[in-house]
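# Examining the three-dimensional arrangement
Given next are the chains, with one letter for each unit.
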Amino acid sequence: MTSSLPLPEIRTVDDLRSALGRYGFPGDRERFEEELAAAVGASPTDDLEGAAAVVRAYRHRILIRNSPEVMAAIEDA
């Protein structure tokens, strides 16, 4: 269920988009784009913390999805 390939570095939003397509949960890439667009659209121009929170959350999802320990715990639950 988990990937045996090492995860790429995720330093940019484009890196994250690419990683979501390959390493994320099914549908993550599409949901990420929707949530990011909504967060950017709702953000004041001088505060993009909402968009940053979406990026952090989806980066974390990739790490969870590709952790054998976490996925085993989810399967056991």
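For every chain, the first residue of the written sequence is number 1, and numbering continues from 1 along that sequence. Given that the model is predicted, a residue must reach a pLDDT of at least 70 before its local features are reported, and side-chain atom pairs must reach 80 or more before they are shown or counted; all residues, however, enter totals for whole chains, interfaces and linings. To obtain the side-chain values, all non-hydrogen atoms of the structure were used and water was disregarded.

Attention shifts here to the overall build of the protein. The helix and strand inventory of the protein stands at four helices and zero strands. Under the scheme used here, helices are H or I runs from DSSP no shorter than 4 residues and strands are E runs no shorter than 2 residues, and both carry numbers assigned from the N terminus. If you list the helices and strands of the protein from N to C, you get α-α-α-α. Taken along the three principal axes of its C-alpha coordinates, the protein extends 40 × 25 × 15 Å. Restricting the contact set of the protein to residue pairs at least 6 apart, pairs at least 24 apart contribute 48%. Where accessible areas are quoted, they stem from the Shrake-Rupley method and a 1.4 Å probe; at the residue level, only the protein chains shown are allowed to cover. When the accessible surface of the protein is totalled, it reaches about 5200 Å², and 55% of it is carbon and sulfur. We count Lys and Arg on the positive side and Asp and Glu on the negative side, and we leave His and both chain ends out. Here the site of a charge means atom NZ of a Lys, CZ of an Arg, CG of an Asp or CD of a Glu. Computed over 9 positive and 14 negative side-chain charges, the separation of the two mean positions in the protein equals 4 Å. In this analysis, two residues are considered to be in contact whenever any of their non-hydrogen atoms come within 4.5 Å of each other.

Next up on the list: the nonpolar core. Buried Ala, Val, Leu, Ile, Met, Phe, Trp, Tyr and Cys residues form a nonpolar core when they are joined through side-chain atoms within 4.5 Å. Each residue is placed in one exposure class: buried if its accessible area under a 1.4 Å probe, protein chains only, is under 20% of its type's maximum, exposed if it is over 50%, and partly exposed if it falls in between. Of all hydrophobic cores here, the largest spans twelve residues; its members are Ile10, Leu16, Ala19, Leu20, Tyr23, Phe32, Leu36, Ala39, Ala51, Val54, Tyr58 and Ile62. Among the elements of the structure, helix H1 (13-23), helix H2 (28-42) and helix H3 (49-65) are those that each provide at least two residues to this core. With residues up to four places along the chain from it excluded, the contact list for Ala51 reads Leu36, Ala39, Val40 and Ser43.

Bringing the packing of aromatic side chains into the picture now. Note on ring pairs: Phe, Tyr and Trp rings are taken, using the six-membered ring of Trp, and paired if centres are within 6.5 Å. Classes follow the plane angle, with under 30 degrees stacked, over 60 edge-to-face and the rest tilted. On inspection of all chains with the given rule, the structure shows one aromatic pair. Seen from their ring centres, Phe32 and Tyr58 are 5.4 Å apart, and the 65° between their planes marks the pair as edge-to-face. In this pair, Phe32 is assigned in helix H2 and Tyr58 in helix H3, connecting sequence segments 26 residues apart. You'll find Phe32 and Tyr58 in the same group, each marked buried.

Attention shifts here to the packing of H1 against H2. Axis lines are fitted through C-alpha atoms, for helices just across the contact stretch, and the angle between N-to-C directions can take any value from 0 to 180 degrees. Where H1 contacts H2, the axes come no closer than 8 Å and their chain directions differ by 145°. Two secondary-structure elements touch here, H1 through Val13, Leu16, Arg17, Leu20 and Gly21 and H2 through Asp28, Arg29, Phe32, Glu33 and Leu36. Note on residue classes: Ala, Val, Leu, Ile, Met, Phe, Trp, Tyr, Cys and Pro are nonpolar, Asp, Glu, Lys and Arg are charged, and everything else, Gly too, is polar. Looking at side-chain class alone, the contact of H1 with H2 contains five nonpolar, one polar and four charged residues.

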